[in-house]
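What the coordinates show
Spelled out from the first residue to the last, the chains are:
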Amino acid sequence: MVSAVVSRNGGQIVLEQLREQDARRVFLVPGESFLPCIDAFNDHSDQIQPIVCRQESGAAYMAEAYGKMTGEPGICMVTRGPGATNASIGVHTAYQDSTPMILFVGQVGNDFTEREAFQEIDYRRMFGQMAKWVAQIDQTDRIPEYVARAYAIATSGRPGPVVLALPEDVLWGESDAPVVPARTRLETWPGTESLSQLATHLEQAKRPFLLVGGSGWTEEAQQQIRAFASRFDLPVGVAWRRLECYDQHDQQFVGHVGFAMHDELRQTLASSDLIIAVGTRIGEATSEGYSWISSPKPQQKLIHVYPAPEELGRVYRPDLAINASVNGFAASLSNLKPASAPVWADLRFRAREAWLNTLKPLPSPGELSLDRVSETVGRVLEGRGCITVGAGNYALYPHRYIPFRGHGSSLAPTVGSMGYGLPAAVSYKLENPDQPSICFAGDGCFQMNMQELGVALQYDVGIVVLVFNNGMWGTIRAHQERDFPGRETALRFTNPQFARLADAYEGYGRVIDRTEDFEAAFREALLFAEEKKRPAILELRYDSNGISPGMLLSDIQRKALEGRAQ
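Residues numbered from 1 in each chain as written. Predicted model: local features only at pLDDT ≥ 70, side-chain atom pairs only at ≥ 80, totals over all residues. Heavy atoms only, no water.

An unreviewed UniProt entry annotates the chain as Thiamine pyrophosphate-binding protein of Pantoea septica. Taken directly from UniProt, the Sequence similarities (unreviewed entry) text for the chain runs: "Belongs to the TPP enzyme family." (UniProt positions renumbered as here; feature names shortened; annotations may be inferred.)

Rendered as C-alpha cells:
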C-alpha cells in the first residue's frame, strides 16, 4: 500500500526535490521573496547545508565553483530584481565555462506580474542568452517537474546554467505533488567507426597533438586519457584555464595552451598535422584569437570530441567529429593501441623539455619576485589542494610556475571574470576541508568580493589569500601602454592595508615585500589556516613595473613608442 503524499508549501517541495537530486549545499543571500524555501532548510539540515553569503555575486561564484568541482549543479538562491542582477555574473561564468549550475530567483506573485511591481524583472528575457534554459514555475504542483528538468538540462550535453524563477504565490501555495525521481547521469560514447577513424588518423600523423579541456571530467577519465596519451606518446596540452584537466607531472604534458603561452608551444601547435581536441571548444583564448588554428577550416587535421553536437562544426570544420562526453570518450580508448612505435617521440620529448624550462623563474624588478613567489607556492604544496584565481595578469604567475596535479587542483574562470578567486577558494574548502585552498587575487580583483571573508569566518573555512598589491588595474594598464603609450590615466587606486583586514575576520595577516621572507610566511599562513580554520592574508607589495612573467610595463611602452616613430 502506497502512503499518501502530504500537502506542503512550495518552499518545502523545492527543498524536497533538491534533496532527491542529492544536493548537499545551497549558496544564498536571503530574501523575503523566497522565505518558504529558507524555512524549509530547517527540515533538511541533515543533508542540505545553507551557506549564507554576503553578496549575490559571491554566492553565484561559489555555486559555479561547486559545479566545476563535482560535475553536479551548483545551487544558488537569490531574491528578485537586485539579487538576480548581482548573481548574473555567476550565470555568465557558468555559461562560458560550461559549468552545471541552477539559479533560483524569487519573483513577484503572479497576481502582480506585468505591472512593474516592486523589483519585478522578466527573467526569461534577462537571462535568455546566458543560460541553457530559463523558466518560471507558475504552479506549485509542477515544482518537482521543473527542478528535475533543470538538473537534466544543466548536466546534459554541454553543461551549463539554468535559471528558475519562483513566484511568491507558488512558494506559499500548497500541493501534494510527489518528488520526481532523480535520473542517472548520462554519458555519451563514440561509435566503433569513429574510433577506427581516429586510429587511422593517428597512423597517418607525423606531428599529432592532444588538447584536453572542458568540464565534467572524473578522476578515472583523466587516468584513462593519460594512459591513451602514454601508449601513443602524444604531447598533451590543456586548454586555456583548464589546468585541472591533466596531471602536469605526467611526462606527456607539454603546456598550457592559450593567451601568453610560450613560443615553442605555439610553434608546436601551428606545425602539428593532427589536433585531437577533447572536451574543449577551442575558443578565442585557447586559440589565441583563432591564430594557431584557423576558422572555419583549420590548416591541421582536426578531430573534435565534444558532448554537444551543435558545437561540432559551429566554429571549426573538423575532419572527424565525435559526439561524446569526455568520460565516455576516455573510457572507450582502452583498446586503442598503436600498430607501431610512434614516430613523433622526439617531438614530444622536446616539447616537454621546453615546458619544463618555463618553470624556471624569470628575472623581475624590485625586491619581491612574483615569479619566485609562485614557484615557492607550488614547491611547498607539492600537488596538494587547489589554486583559485579571478582575472588579471597576476594569474599568469601561478598558471606558469605551478605544476597542477589534475582533477580538482585549479578553479579559474575561462570567461575572465574578476572577483572569482575568493568565493571559489571558500567553496573548494567547504567541499575539501582537509586540503589547502589558496586564492591568488589582484588587489582590484580581491576587492570585488572580499566581503565573502565573512563566509570563511562563519563556517570555519581556513583559506590562504595572496593579494597582489600594485595599486592599479594592471591588465588594462598593459593594454593602455600598447595602444596609448605614455598616456596612463584613470587606472590607479588607493588601497587599504590588506594584511590588517585579516584582523577583522579573526585571521592571519602579513605584508611581504621581499622574496626571502615569503616562504616562511606562506608556511605559517598555511599552518594557521589549517589549525585555526580562519582566513590568512599575505599582502604582496611589489614593483608595479613587473606586469607579467618576463615583461615590464616600461618595455611595452618603449616598443609601442618605437613602433609609432617608424
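Spatial ordering of the open sheet is given by β3-β2-β4-β5-β7-β6, a layout of six strands whose pairing is parallel. Two strands in the sheet have a free side with no partner beyond their single neighbour: β3 (49-52) and β6 (133-136). Strand-to-strand twist in this sheet, taken as the mean axis angle between neighbours without regard to direction, amounts to 20°. Two strands pair when backbone bridges link them, and strand β2 (residues 25-28) and strand β4 (residues 74-78) are joined in this way by three bridges, in the parallel orientation. Note on β4: the bridge partner recorded for Phe27 is Cys76. Helix α3 (residues 56-70) rests against β2, β4 and β5 (101-107) of the sheet, and its axis sits at about 165° to β4. (Pairing = 2+ DSSP bridges. Helix = DSSP H or I, 4+ residues; strand = E, 2+ residues; numbered from the N terminus. Axes fitted to C-alpha atoms, helices over the stretch in contact; angles between N-to-C directions. Contact = heavy atoms within 4.5 Å.)

Looking at the secondary structure, you find Asn470 in the loop between β18 (464-469) and α18 (474-483). What makes Asn470 buried here is its relative accessible area of 11%. A polar contact is formed between the side chain of Asn470 and the side chain of Tyr542, at a distance of 3.2 Å. Contacts of Asn470, omitting those with residues within four sequence positions, involve Asp443, Tyr542 and Ser544. (Buried < 20%, exposed > 50% of the residue type's maximum accessible area, 1.4 Å probe, protein only. Polar contact = N/O pair within 3.5 Å; in protein donor to acceptor, adjacent residues only side chain to side chain.)

Every α-helix carries 3.6 residues per turn, so stepping three or four residues along brings you back to the same face. Taking 1.5 Å as the rise per residue, helix α12 (residues 345-358) with 14 residues should run 20 Å; its terminal C-alpha atoms sit 21 Å apart, in good agreement. Among all positions of α12, only Leu347, Arg348, Ala351, Arg352, Ala354, Trp355 and Thr358 are buried. Burial along α12 is one-sided: seen end-on, the buried residues are contained in an arc of 160°. Packed against the buried residues of α12 are β11 (253-256), α10 (263-271) and α14 (396-401). (Expected span 1.5 Å × (residues − 1). Arc of directions from axis to C-beta.)

This next bit is on the environment of Gly83. Here Gly83 shows up in helix α4 (residues 82-96). Relative accessible area serves as the criterion here: at 1%, Gly83 is assigned to the buried category. Look past the residues within four positions of Gly83 in its chain and what remains in contact with it is Glu56 and Val78.

What follows covers the pairing of β6. In β6, alternate side chains face the same way, and those of Trp133 and Ala135 on one face and Val134 and Gln136 on the other are all buried. Examined bridge by bridge, β6 and strand β7 (residues 161-167) share four bridges and lie parallel to one another. The partner of Trp133 across the bridge, within β7, is Val162. Read from β6 through helix α6 (residues 143-155) to β7, the crossover connection turns out right-handed. (Right-handed = clockwise from strand over helix to strand, strands pointing away.)

On to the nonpolar core, then. For soluble globular proteins, the rule of thumb is that nonpolar side chains tend to be buried together. In this structure, Phe27, Leu103 and Phe446 are the most contacted members of the largest nonpolar core, which totals 51 residues. Per element, the largest residue contribution to this core is eight residues, and it comes from α3. Contacts of Leu103, omitting those with residues within four sequence positions, involve Cys76, Val78, Ala87, Val91, Phe127, Val162, Val163 and Leu164. Residues Val212, Leu320, Ala324 and Leu333 belong to the second largest nonpolar core, which totals 36 residues. (Core = buried A, V, L, I, M, F, W, Y, C linked by side-chain atoms within 4.5 Å.)

This next bit is on the packing of helix α1 (residues 10-20) against α6. Running from amino to carboxyl end, α1 crosses α6 at an angle of 35°, the nearest separation of the two axes being 9 Å. The chirality of how α1 crosses α6 is right-handed. The residues of α6 that touch α1, namely those facing Gly10, Ile13, Val14, Gln17 and Leu18, are Ile143, Pro144, Val147, Ala148 and Tyr151. Of the residues in the contact of α1 with α6, the class split is eight nonpolar, two polar and no charged. (Left-handed = near helix turned anticlockwise from the far one by under 90°. Nonpolar A, V, L, I, M, F, W, Y, C, P; charged D, E, K, R; others polar.)

Applying the stated rule across the entire model yields 17 aromatic pairs. On the basis of an interplanar angle of 40° and a centroid distance of 5.6 Å, the ring pair of Tyr394 and Phe468 is categorised as tilted. Within this pair, whereas Tyr394 is found in the loop between β15 (386-389) and α14, its partner Phe468 is found in strand β18, the two being separated by 74 residues in sequence. Both residues of the pair, Tyr394 and Phe468, belong to the buried class. (Phe/Tyr/Trp six-rings, centres within 6.5 Å; stacked < 30°, edge-to-face > 60°.)

Reading across from one edge, β16-β15-β17-β18-β20-β19 is the order of the six strands in this open sheet, with parallel pairing throughout. At either end of the open sheet lies a strand with only one pairing partner, and these are β16 (410-411) and β19 (508-512). The sheet contacts of helix α15 (residues 421-431) involve β15, β16, β17 (437-442) and β18, and relative to β17 the element is tilted by about 175°.

Along the chain, Ser287 falls in the loop between β12 (274-278) and β13 (301-306). Those residues in contact with Ser287, other than ones at most four positions away along the chain, are Ile282, Trp292, Ile293 and Tyr316.

Two numbers describe how helix α13 (residues 370-381) lies on helix α20 (residues 515-532): the axes approach to 10 Å, and their chain directions differ by 40°. Taken together, the axes of α13 and α20 are oblique relative to one another. The hand of the α13/α20 crossing is right-handed. Facing α13, whose interface residues are Arg372, Val373, Thr376, Val377, Arg379, Val380 and Leu381, α20 presents Thr515, Phe518, Glu519, Phe522, Arg523 and Leu526. A class-by-class count of the residues in the contact of α13 with α20 yields seven nonpolar, two polar and four charged. (Parallel < 35°, antiparallel > 145°, perpendicular 65-115°, else oblique.)

Turning to the environment of Met101, a few remarks are in order. Examined against the element boundaries, Met101 turns out to sit in strand β5. In this structure Met101 comes out as buried when scored by relative accessible area, which is 0%. For the pair formed by Met101 and Val5, sequence separation is 96 residues and the distance between their alpha carbons is 29 Å.

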